[in-house]
Amino acid sequence: MTFCLVLKAFYTPSLVIAIILYIYKAITNIHINLKTPINFKMMQDVWTQLGPTIAAIMFTWTMYQNYFPHELRGHIRRYTDKLVSYFYPYMHIIFYELETEGWFERSKAYVAIERYLSKNSSTQAKHLKANAVKDGQSLVLTMDDHEEITDEYKGEKVWWISSQKPTSRQIISLHREDEKRYFKLKFHKKNRDLITNSYLKYVLDEGKAISVRERQRKLYTNNKGDGGGYRYRGGRMWSGVVFEHPSTFDTLAMDPNKKQEIIDDLETFSKSKDYYAKIGKAWKRGYLLYGPPGTGKSSMIAAMANFLKYDVYDLELTSVKDNTELRKLLIDTTGKSIIVIEDIDCSLDLTGQRETNKKKKEEEDKGKNEEDAVKEKMKKGGEVKEKQSEVTLSGLLNFIDGLWSAIGGERLIVFTTNYVEKLDPALIRRGRMDKHIVLSYCCFESFKVLAHNYLDVVESHVHFPEIRRLLEETNMTPADVAENLMPKSSKENAETCLERLIKALETAKEEAKLKAEEEERAKAAEKEKEEKDREEKKEVTATEEAKNADGVNEKDNGFKENGDVNKD
Ligand SMILES: Nc1ncnc2c1ncn2[C@@H]1O[C@H](COP(=O)(O)OP(=O)(O)OP(=O)(O)O)[C@@H](O)[C@H]1O
Ligand SMILES: [Mg+2]
């Protein structure tokens, strides 16, 4: 029996089990032998018997550790494990916290499991650890070492144990503790396929999804680089700040049907990973937002990011040196993000670059030569102007849907513009910009959203019919409507704000009328001038024709006279 116990005690936890078993056996023996209830005297006897036995076990253990050859110990351990596993119906999988390769970073699998278990941990574990996330704004609770919690998957029970073991002292650990922390998953042998094929994937996916949901989202902008590898801000291509824009689809003023259509579209996109894979399309979607200034294009991007819980990469195209740098920037973005290029029509001269008729090319070449000459002149004079971006339309087209664009997945690319007609059709064709959304002047439905948000006027108001009429008769951007609805002092209430809006709408209507009249007058004057020019031109042509006719007659006469002379 003692030999068996020693055999079982090849590693410390087993040693503890062995001691417990021994105590139990000693007590039951006494109980059986004496047929008396266990009392204090008996316990004393147990301890008297136990002391030398434990000492013997410890001695044997130390001898074993110190004097048994390493290989032999390995063999013994292997056979003991086999023996134990023969009777033991459970299997274990271990997930270490630190990667053994590289710089001992935290393993992604461990982090995902930690997040996945956080819910069960907080309800089941007695000892918890708290880790700060979102830059210290919230806490994630995980079970502390030597805690065990259970989980259930498709009706089968599994156990998760958190533990740690000391690492070799020769390893210089950059981590906070010189210990190897790990999660151990215990499950019944019969569930082997279920766990390895399905449960583990589920845990990792869920863990990652929780991390993404609860992460601190960022707003990035590209750093200006020299194109040769060196970049500002510690070599990073993007620098980010915490994304805190409060715009949501609830605060966005637009036609409710159109709004719902966009929400549905976004939701479908975010859940369509498998569908995109099935149809052989990169998991990305392009949105073109266009409309006059102040109609909510930027607000909509923020609302999209908040709805999908994505990061935002605000790409400043003019700071990108060339197409290669643009590609590198794309590779440096993560999935679950929106890449935004605002005012695409102003970013670069991307219009008409595909119109390659000869004349245009010649003109361009001519212009280029002149430009080069000016640059050369400036250099000589010591004036070195900042380098212009060399990003081309084809570079941008590749950025949107070239081979590289598939990297990372789950990405929205959003362009905004005030002048959609200025853009090259290739840039905004479906497939590149899949959904075109026009954001226009404030309609009555949009106004109602703003009135609700800004003044808490929910259903109706006595001024609403008049505002409705005025909004139908004149164009006012949601930005202007919002500004009029915003109380400017504590004395102002819904009534005063709505009255101010009515006044502003009337003024806008009047101004629009005057402008239209002015334009009408200008048009009429232009027409009149054109008419006059045409008349003058007609007169000039008629005079010239008359003159020419006179000239021909004179010539004819001359010929006749000359002919007569020759004849003579
Ligand atoms: N549709 C809208 N819903 C709610 N608020 C809006 C809307 N449009 C504009 N606003 C308000 O007007 C401000 C300006 O809007 P925003 O920056 O989104 O306009 P934009 O279309 O991006 O303009 P620009 O073309 O000049 O960039 C926002 O801060 C917001 O308060
Ligand atoms: Mg904007």
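Identification of the protein chain as Putative AAA ATPase from Solanum tuberosum is taken from an unreviewed UniProt entry. Database annotation for the protein chain, UniProt heading Catalytic activity (unreviewed entry): "ATP + H2O = ADP + phosphate + H(+)". The record held by UniProt for the protein chain lists under Sequence similarities (unreviewed entry) the comment "Belongs to the AAA ATPase family. BCS1 subfamily."

**Student:** How would you sum up the overall build of the protein chain? Please name residues and give values.
**Tutor:** A count of helices and strands for the protein chain gives 18 helices and 13 strands. Counting over 568 residues, the protein chain shows a buried share of 20%.

**Student:** Before we move on, could you go through the site of ligand 1 and cite the residues and values that matter?
**Tutor:** Taken together, 15 residues surround ligand 1, and among them P293, G296, S298, P478 and A479 come closest. For the shell around ligand 1, the per-class residue count stands at seven nonpolar, seven polar and one charged. Both of domain 3 (220–353 + 388–438) and domain 4 (444–529) provide at least three residues apiece to the shell around ligand 1.

**Student:** Before we move on, could you go through the pairing of strand β7 (residues 218–222) and cite the residues and values that matter?
**Tutor:** Where β7 and strand β8 (residues 238–242) come together, five bridges link them in antiparallel fashion. Its bridge partner being in β8, L219 is matched across the sheet by V241. With three bridges joining them, β7 and strand β10 (residues 311–314) adopt parallel strand pairing. If you follow L219 over to β10, its bridge partner there is V312.

**Student:** So what's going on with the pairing of β10? Which residues, and what values?
**Tutor:** Alignment of β10 against strand β11 (residues 337–341), held across four bridges, turns out to be parallel. The partner of Y313 across the bridge, within β11, is I339. Handedness of the β-α-β unit built from β10, helix α10 (residues 323–331) and β11 comes out right-handed.

**Student:** Account for the packing of helix α7 (residues 256–270) against helix α9 (residues 297–308), with residues named and values stated.
**Tutor:** Interhelical geometry of α7 versus α9 gives an angle of 45° and a closest axis separation of 11 Å. Our classification of the angle between α7 and α9 gives oblique. Here α7 runs over α9; the crossing is right-handed. Mapping the contact onto sequence places I263, L266 and S270 in α7 and M304, F307 and L308 in α9. Its residues assigned to classes, the contact of α7 with α9 shows five nonpolar, one polar and no charged.

**Student:** Residues and numbers for the sheet that holds strand β9 (residues 284–290), please.
**Tutor:** Spatial strand order, β8-β7-β10-β11-β12-β9-β13: seven strands in an open sheet with mixed pairing. Edge strands, defined here as strands with exactly one partner in the open sheet, are β8 and β13 (435–438). Adjacent strand axes in the sheet meet at a mean angle of 20° when their direction is disregarded.

**Student:** Describe the environment of L329, with residues and values.
**Tutor:** Locating L329 in the fold gives a position in helix α10. Considered as a pair, L329 and N222 are 107 residues apart in the sequence and their alpha carbons are 7.6 Å apart. Sequence-distant contacts of L329, that is, excluding residues within four places in its chain, are made with N222, M237, L315 and V320.

**Student:** Let's hear about the nonpolar core: which residues, and what values?
**Tutor:** If you look at the biggest cluster of nonpolar residues, it comprises 62 residues, and the most contacted ones within it are I301, V312, I338, V340 and V414. Ranked by the residues each element gives to this core, the list is headed by α9, at six residues. Composition of this core by domain shows at least three residues from each of domain 3 (220–353 + 388–438) and domain 4 (444–529). Sequence-distant contacts of V312, defined by excluding residues within four places in its chain, comprise L219, Y220, F243, I301, A305, S337, I338 and V340.

**Student:** Go over α10 with me, naming the residues and quoting the values.
**Tutor:** Regarding α10, the residues found buried are E325, L326, L329 and L330. Along the axis of α10, the buried residues cluster in a sector spanning 145°; they form a single face. Of the surrounding elements, those touching the buried residues of α10 are β7 and α13 (393–401).

**Student:** So, the confidence of the model for the protein chain: which residues are in play, and what are the values?
**Tutor:** A low pLDDT means the predicted coordinates there should not be read in detail. Overall, the prediction assigns the protein chain a mean pLDDT of 80, with 76% of residues at 70 or greater. By mean pLDDT, helix α1 (residues 2–8) is the weakest element of the protein chain at 45, and α9 is the strongest at 96. Scored below 50 in pLDDT, residues 1–12 makes 18 contacts in the model with residues more than four places away or belonging to other chains. Counting contacts from residues 173–177, a segment whose pLDDT is below 50, to residues more than four positions away or on other chains yields seven contacts. Taken over the whole predicted complex, pTM reads 0.68, whereas the ipTM for its chain interfaces reads 0.98.

**Student:** Describe in detail unusual backbone geometry, supporting the description with residues and values.
**Tutor:** In this model, K154 sits at a positive phi of 50°, which is unusual for a non-glycine residue. Along the polypeptide, K154 turns up in the loop between β4 (147–153) and β5 (156–166). Here E410, not a glycine, exhibits a phi torsion of approximately 45°, which is positive. As for its placement among the helices and strands, E410 is situated in the loop between α13 and β12 (411–417). Judged by local crowding, E410 falls into the partly exposed class, with 19 C-beta atoms found within 10 Å.

**Student:** So what's going on with α13? Residues and values would help.
**Tutor:** All of the buried residues in α13 are G395, L396 and F399. Viewed end-on, α13 has its buried residues packed into an arc of 95°, placing them on one side of the element. On its buried face, α13 is in contact with α10 and α14 (425–428).

Basis of the calculations
- Residues numbered from 1 in each chain as written.
- Chains lettered and ligands numbered in written order.
- Predicted model: local features only at pLDDT ≥ 70, side-chain atom pairs only at ≥ 80, totals over all residues.
- UniProt positions renumbered as here; feature names shortened; annotations may be inferred.
- Helix = DSSP H or I, 4+ residues; strand = E, 2+ residues; numbered from the N terminus.
- Buried ≥ 20, exposed ≤ 12 C-beta atoms within 10 Å, placed from the backbone.
- Near = placed C-beta within 6 Å.
- Nonpolar A, V, L, I, M, F, W, Y, C, P; charged D, E, K, R; others polar.
- Domains from an automatic or database assignment.
- Pairing = 2+ DSSP bridges.
- Right-handed = clockwise from strand over helix to strand, strands pointing away.
- Axes fitted to C-alpha atoms, helices over the stretch in contact; angles between N-to-C directions.
- Parallel < 35°, antiparallel > 145°, perpendicular 65-115°, else oblique.
- Left-handed = near helix turned anticlockwise from the far one by under 90°.
- Contact = placed C-beta atoms within 7 Å.
- Core = buried A, V, L, I, M, F, W, Y, C linked by C-beta atoms within 7 Å.
- Arc of directions from axis to C-beta.
- pLDDT = per-residue confidence, 0-100.

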